[in-house]
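Secondary and tertiary structure notes
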Amino acid sequence: QQQQQQQEPIATTVPGAGDPRARSFVRLNGFLLRTHITSLVSALAEDGWLEAWEKEQLCHQAREGTQQWALAFLQVYIRFMEMDDVPLFVAGLRAQLA
């Protein structure tokens, strides 16, 4: 229960929140987003793109961060998806640590 409350900030406002399906879907989306972010960051660290402390901080932010942090990550990730530029993606992630 406490862990679920800590993960709620990624999705704080839900249009149609009166519908339990909407709330459930938003929770699922938040979980999947956090999982995807931590998987990407872990893979980058395993391949030597990120230091261990960077991985830990980014994964912590993904798990405990706010919706604003997630949106900032998504901006960096969308740019990566458009350009397939791993060094630029890593630089964007590191900028989120600053």
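Cut-offs used in this document
- Residues numbered from 1 in each chain as written.
- Predicted model: local features only at pLDDT ≥ 70, side-chain atom pairs only at ≥ 80, totals over all residues.
- Heavy atoms only, no water.
- Helix = DSSP H or I, 4+ residues; strand = E, 2+ residues; numbered from the N terminus.
- Buried < 20%, exposed > 50% of the residue type's maximum accessible area, 1.4 Å probe, protein only.
- Contact = heavy atoms within 4.5 Å.
- Areas by Shrake-Rupley, 256 points an atom, 1.4 Å probe, with all protein chains shown as cover.
- Core = buried A, V, L, I, M, F, W, Y, C linked by side-chain atoms within 4.5 Å.
- Axes fitted to C-alpha atoms, helices over the stretch in contact; angles between N-to-C directions.
- Parallel < 35°, antiparallel > 145°, perpendicular 65-115°, else oblique.
- Nonpolar A, V, L, I, M, F, W, Y, C, P; charged D, E, K, R; others polar.

**Some points on the overall build of the protein**
- Secondary structure summary: the protein contains 5 helices and 0 strands in total.
- Going from N to C terminus, the protein has its helices and strands arranged as α-α-α-α-α.
- Here the protein holds 98 residues, and the buried ones make up 30% of them.
- For the protein, restricting intrachain contacts to residue pairs at least 6 apart in sequence, the fraction spanning at least 24 positions comes to 56%.
- Within the structure as shown, the protein displays about 6400 Å² of accessible surface, and the carbon and sulfur contribution to it stands at 55%.

**A few points about the nonpolar core**
- Counting 18 residues, the largest nonpolar core has Ile37, Leu50, Phe73, Phe89 and Leu93 as its most contacted members.
- Leaving out residues up to four positions away in the same chain, leucine 50 has contacts with Val41, Leu44, Ala45, Leu58, Val90, Leu93 and Arg94.

**Description of the packing of helix α4 (residues 67-83) against helix α5 (residues 86-97)**
- One way to put it is that α4 packs onto α5 with a least axis distance of 9 Å and a crossing angle of 170°. When the axes of α4 and α5 are compared, the pair comes out roughly antiparallel. Each of Trp69, Ala72, Phe73, Val76, Tyr77, Arg79, Phe80 and Met83 in α4 lies in contact with α5, whose residues at this interface are Val86, Leu88, Phe89, Gly92, Leu93 and Gln96.
- Looking at the contact of α4 with α5 residue by residue, the class counts come to 11 nonpolar, 2 polar and 1 charged.

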